[in-house]
Amino acid sequence: MSKKVADLLWEMLAKAGVKRCYGIVGDALNPVVDALRRNGAIEFIAVRHEEYGVFAAVAEAYFTGNPVVVCGTAGPGVVHLFNGLMDARKESAPIIAIAGDIETSILDTSMLEELNPYKFFDAASLYTARLVNPEQARAVINTAILTAVLEKGPTVLSIPGDVAAADVPEQPTGFTIAAPAILRPSDTDLDKLVRMIDEAKTVAIFGGDGCREARDEVLELAGKLKAPVGYSFRGKQWLEHENPNAVGMTGLMGYGGAYNALHEADLLLMLGTDFPFSEFLPGASVKKVQIDKNPKHLGRRTALDLGLVGDIKSTVSALLPVVCEKTDGEFLRKQVAFTESFHKQLQHYVEKGPAIKPIRPEFLAATLSELASDDAMFFADTGTACLWLARHIYGGKNRRLFGSFSWASMANAAPNAFGCALAYPGRQCIALCGDGGFTMLGMGDLLTQIERRTPVVQVILNNEKFDFVHIEQQEAGLIPFGVEFKNPNFAKVAEAMGAKGIRIDQPENVREGLAEALAYKDGPVVVDAVVDPFALAMPSHSPLHTVKGFTLSFARQVLNGRLDTVIKEIERNVGIV
């Protein structure tokens, strides 16, 4: 029997280390899916929604480093992949999307479900190819795989059904995936950096996800320079734990002394971060050096005194032996002391949580962090779930934290957790879900988790509104509008679907309810946590426009007959930082 293009596809993907394909089958994909069945080396995860599948794949690919496949049939199915592929591009996850396509004989005739893959996937894909001839197959599949793995991002193969079912010419299918290249600045540029560090009285470090493989080197550099270490949301899990120089995050979710450290240092080293909120970065009063393996990141958030291309591990390793050790630790002590003081303030609603009704989300998140295992994996929906993850879920050597931190899509947490539960069986995979996100995407594919008896713990922040949008509207000085909705009892819905449901609506039941959820191993759990809808979390530094916006919003709400709402919001946040 001759080999088909679709057979070649799965053979090469399996050799590249692909373990799973997430998606929904459809007529344009039939030859591809049938070849997947015959291959038998790659597991097919049938989901209810393609977007759920691609979010699951992104988390798996990000943490394992291995390529993961997603698929959708022609037209509408392919469109559902887009949002997750954007997330993969922003989070640097190696995803290979197989897009079903109409037959080659009717291409460019505006046929039902026809879509131009080059135009549609342009923003999301690092490499997009349309297979229109079996002669292309090996070269195109090879390029899609290597681009996804080596450039860390999504690629797309659009495959018409007649091409997938066609015989493929006999040709070698082996290929190799190179190890990551060593990339660091030239000796001349490194000498410039050394001089700048040695001349600076005080140095601060701000690290991002680029420090993922360089934690030890960055902490050693910080110790040598007596430098406080702040981090972006994506850098938190790598730089926060067991770090005596840690001073927290900056930005609207910021806490600790990071903002002050970045603005009061003589020199700021920005390591592997593309932190997008320029208003929280210092101006010309602080000299700034940025090091990143992606040259496009250099200087686009703030003006630099020096921009260097290099991966953080290689660059800092080269820097450590030649930079002079600093002896004055007063700057570091000041920023660490401020961070410790801020941390005590953050505990206000945690310590008082057992006696406060409705349940404070700070208390819920802190209790969850305390009860979870040392190697738990946490996932947060975009919105206030990210606030509580940033401030009250503590990382560790083997703990992992993930979300749509750079794309900020809704509804990612539940599928992220599902993907990692498959990739890391036996580890606690915990999704901190917004009620809006869960009803948007998580509820339907809860059925997928139930079918597979996947032990994912989904903790839903049930406050019956798009809470972060509510806050954003207040920051803009607006009267909150269009953000409220009614929820069912999520625990009862989960039980009706076949999952375990736990409803927590009293603070005295928080610890017991969460412990029960974490202990359950026979399938998914939905924890319906009814939390205070008025809870706020102010950053350690609030820009003037934010303060003005809240003041204006409160005034407008009072003038529009919402005095009771304003009073409740103030009363519920008396101890806020």
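Structure's up top.
Let us look at the structure shown here. Given the structure is predicted, the values throughout are model-derived calculations rather than measurements.

Focus: the overall build of the protein chain
Stage number 1. A tally of helices and strands in the protein chain yields 25 helices and 18 strands.
Stage number 2. Scaling as 2.2 N^0.38, a compact globule of 577 residues should have a C-alpha radius of gyration of about 25 Å, and the protein chain matches this with 25 Å.
Stage number 3. If you line up the protein chain on its principal axes, its C-alpha atoms span 75 × 65 × 45 Å.
Stage number 4. Burial statistics for the protein chain: of 577 residues in total, 57% are counted as buried.
Stage number 5. Looking at the protein chain alone, contacts between residues at least 24 apart form 75% of all its contacts between residues at least 6 apart.

Some points on the sheet that holds strand 2 (residues 43-46)
Stage number 1. Spatially, 2-1-3-4-6-5 is the arrangement adopted by the 6 strands of the open sheet, whose pairing is parallel. In this open sheet, the two strands that pair with only one neighbour each are strand 2 and strand 5 (127-130). On average, each strand axis in the sheet is inclined to that of its neighbour by 20°, with strand direction left out of account.
Stage number 2. Here strand 1 (residues 20-23) pairs with strand 2 via 4 bridges, running parallel. Looking at the pairing, C21 lines up with F44 of strand 2.
Stage number 3. Of the strands in this sheet, strand 3 (68-72), strand 4 (95-101) and strand 6 (154-160) touch helix 5 (residues 82-91), which is tilted by about 145° from strand 6.
Stage number 4. Packing against the sheet, helix 18 (residues 413-423) makes contact with strand 1 and strand 2, and its axis sits at approximately 155° to strand 1.

Describing the pairing of strand 18 (residues 525-530)
Stage number 1. In terms of residue burial, strand 18 counts as a mostly covered element, since 5 of its 6 residues are buried.
Stage number 2. Of the strand pairs in this sheet, strand 16 (residues 456-462) and strand 18 are connected by 6 bridges, and their pairing is parallel. Looking at the pairing, V457 lines up with V525 of strand 18.
Stage number 3. Where strand 17 (residues 500-504) lies against strand 18, 5 bridges are found, and the strand directions are parallel.

Some points on the pairing of strand 13 (residues 377-380)
Stage number 1. In strand 13, alternate side chains face the same way, and those of M377 and F379 on one face and F378 and A380 on the other are all buried.
Stage number 2. Bridge count for strand 13 against strand 14 (residues 400-403) is 4 bridges, and the pairing is parallel. When the sheet's bridge partners are listed, F379 is paired in strand 14 with F402.
Stage number 3. Remark: the strand 13/helix 17 (residues 384-392)/strand 14 crossover connection has right-handed handedness.
Stage number 4. Inspection of the sheet shows strand 13 paired to strand 15 (residues 429-434) by 4 bridges, in the parallel sense. Its bridge partner lying in strand 15, F378 is registered against I430.

Some details on the sheet that holds strand 17
The strands making up a sheet associate through hydrogen bonds between their backbones, and the pairing can be parallel or antiparallel.
Stage number 1. Ordered by their spatial adjacency, 6 strands build an open sheet running 14-13-15-16-18-17, and the pairing between neighbours is parallel. Two strands in the sheet have a free side with no partner beyond their single neighbour: strand 14 and strand 17. Averaged over neighbouring strand pairs, the angle between their axes works out to 20° when direction is ignored.

Comments concerning the environment of G419
Stage number 1. Structurally, the position occupied by G419 is in helix 18.
Stage number 2. Assessed through its relative accessible area of 0%, G419 is described here as buried.
Stage number 3. For the pair formed by G419 and D435, sequence separation is 16 residues and the distance between their alpha carbons is 20 Å.
Stage number 4. If near-sequence neighbours (up to four positions away) are discounted, G419 is found in contact with Y22, A56 and E60.

About the criteria used
- Residues numbered from 1 in each chain as written.
- Predicted model: local features only at pLDDT ≥ 70, side-chain atom pairs only at ≥ 80, totals over all residues.
- Heavy atoms only, no water.
- Helix = DSSP H or I, 4+ residues; strand = E, 2+ residues; numbered from the N terminus.
- Rg over C-alpha atoms; globule rule 2.2 N^0.38 Å.
- Buried < 20%, exposed > 50% of the residue type's maximum accessible area, 1.4 Å probe, protein only.
- Contact = heavy atoms within 4.5 Å.
- Pairing = 2+ DSSP bridges.
- Axes fitted to C-alpha atoms, helices over the stretch in contact; angles between N-to-C directions.
- Right-handed = clockwise from strand over helix to strand, strands pointing away.

Shape is all these values report; function is a separate question.
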